[in-house]
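Summary of the model geometry
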Amino acid sequence: MSDKHIFDRESALDLLGNDEELLHILIDSFISENKFEKPVLENLIASGKLSEAASYVHATKGAARQLCMEKLKNSGQKLEDLLRGKTTGETQPLVEEMWADYTEALATLKA
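Rules used throughout
Residues numbered from 1 in each chain as written. Predicted model: local features only at pLDDT ≥ 70, side-chain atom pairs only at ≥ 80, totals over all residues. Heavy atoms only, no water. Axes fitted to C-alpha atoms, helices over the stretch in contact; angles between N-to-C directions. Helix = DSSP H or I, 4+ residues; strand = E, 2+ residues; numbered from the N terminus. Parallel < 35°, antiparallel > 145°, perpendicular 65-115°, else oblique. Left-handed = near helix turned anticlockwise from the far one by under 90°. Contact = heavy atoms within 4.5 Å. Nonpolar A, V, L, I, M, F, W, Y, C, P; charged D, E, K, R; others polar. Core = buried A, V, L, I, M, F, W, Y, C linked by side-chain atoms within 4.5 Å. Buried < 20%, exposed > 50% of the residue type's maximum accessible area, 1.4 Å probe, protein only. Phe/Tyr/Trp six-rings, centres within 6.5 Å; stacked < 30°, edge-to-face > 60°. Salt bridge = Lys/Arg side-chain N within 4 Å of Asp/Glu carboxyl O.

**A look at the packing of helix H4 (residues 38-46) against helix H5 (residues 50-66)**
- At a closest axis distance of 7 Å, the pairing of H4 and H5 adopts a crossing angle of 155°. When the interaxial angle is binned, H4 and H5 end up roughly antiparallel. The two elements H4 and H5 cross, and the hand of that crossing is left-handed. Contacts from Val 40, Leu 41, Leu 44 and Ile 45 of H4 reach H5 at Leu 50, Glu 52, Ala 53, Tyr 56 and Val 57.
- Residues of the contact of H4 with H5, tallied by class, amount to eight nonpolar, no polar and one charged.

Printed below as a string of structure tokens:
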């Protein structure tokens, strides 16, 4: 998987009308304000709060979409679809996949 699937800076800039300042604001916001914590998600799922879990995933997936982070956007979409009952399958493997994609994206943005 190429780095562009983790974070495609050029595509993100294109979406933002080549506004470098706005891109930096969105990156800083993702790093400092987007709190995606695996234990929080797992607790929501274990408590049967699937709608809340789906909304939690949706927020991070949406931020990933804005920043053209395809891997995270895709794993988030798969997990959100499962949590909303649009698909069936095992939840935990998708939680693990999204968590791995999130940590990879976060590390890439911080680099």
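**Examining unusual backbone geometry**
- Look at Asn 18: it is not a glycine, yet its phi comes out positive at around 60°.
- By the secondary structure assignment, Asn 18 is in the loop between helix H2 (9-15) and helix H3 (20-32).

**Digging into the nonpolar core**
- Membership of the largest hydrophobic core comes to 33 residues, with the highest contact counts inside it found for Phe 30, Leu 41, Leu 67 and Met 69.
- Elements that contribute at least two residues to this core include exactly H2, H3, H4, H5, helix H6 (70-83) and helix H7 (91-110).
- Sequence-distant contacts of Leu 41, that is, excluding residues within four places in its chain, are made with Phe 36, Ala 53, Tyr 56, Val 57, Leu 79 and Val 95.

**Examining the packing of aromatic side chains**
- Going through the model one piece at a time under the given rule, you end up with five aromatic pairs.
- Grouping aromatic residues by their ring pairs yields a cluster made of Phe 30, Phe 36, Tyr 56, Trp 99 and Tyr 102.

**Focus on the packing of H6 against H7**
- Put simply, H6 and H7 touch, their axes get as near as 9 Å, and they point 155° apart. The angle between the axes of H6 and H7 places the two elements in the roughly antiparallel class. As for how H6 packs across H7, the hand of that crossing is left-handed. Counted together, Lys 71, Leu 72, Ser 75, Gly 76, Lys 78, Leu 79, Leu 82 and Leu 83 of H6 and Thr 91, Leu 94, Val 95, Glu 97, Met 98, Asp 101, Tyr 102, Glu 104 and Ala 105 of H7 form the full contact between these two elements.
- Its residues placed into classes, the contact of H6 with H7 shows nine nonpolar, three polar and five charged.

**Concerning the pattern of salt bridges**
- Per the stated rule, a full pass over the model turns up eight salt bridges.
- Of the charged contacts, one joins Glu 104 and Lys 71 as a salt bridge, the two residues approaching to 2.6 Å between their closest N and O atoms. Taken together, the positions of Glu 104 in helix H7 and Lys 71 in helix H6 put the pair 33 residues apart, joining distant regions of the chain.
- Here Arg 84 makes a salt bridge to Glu 80, at a shortest N to O gap of 2.9 Å.
- For Glu 80, a relative accessible area of 6% puts it in the buried group.

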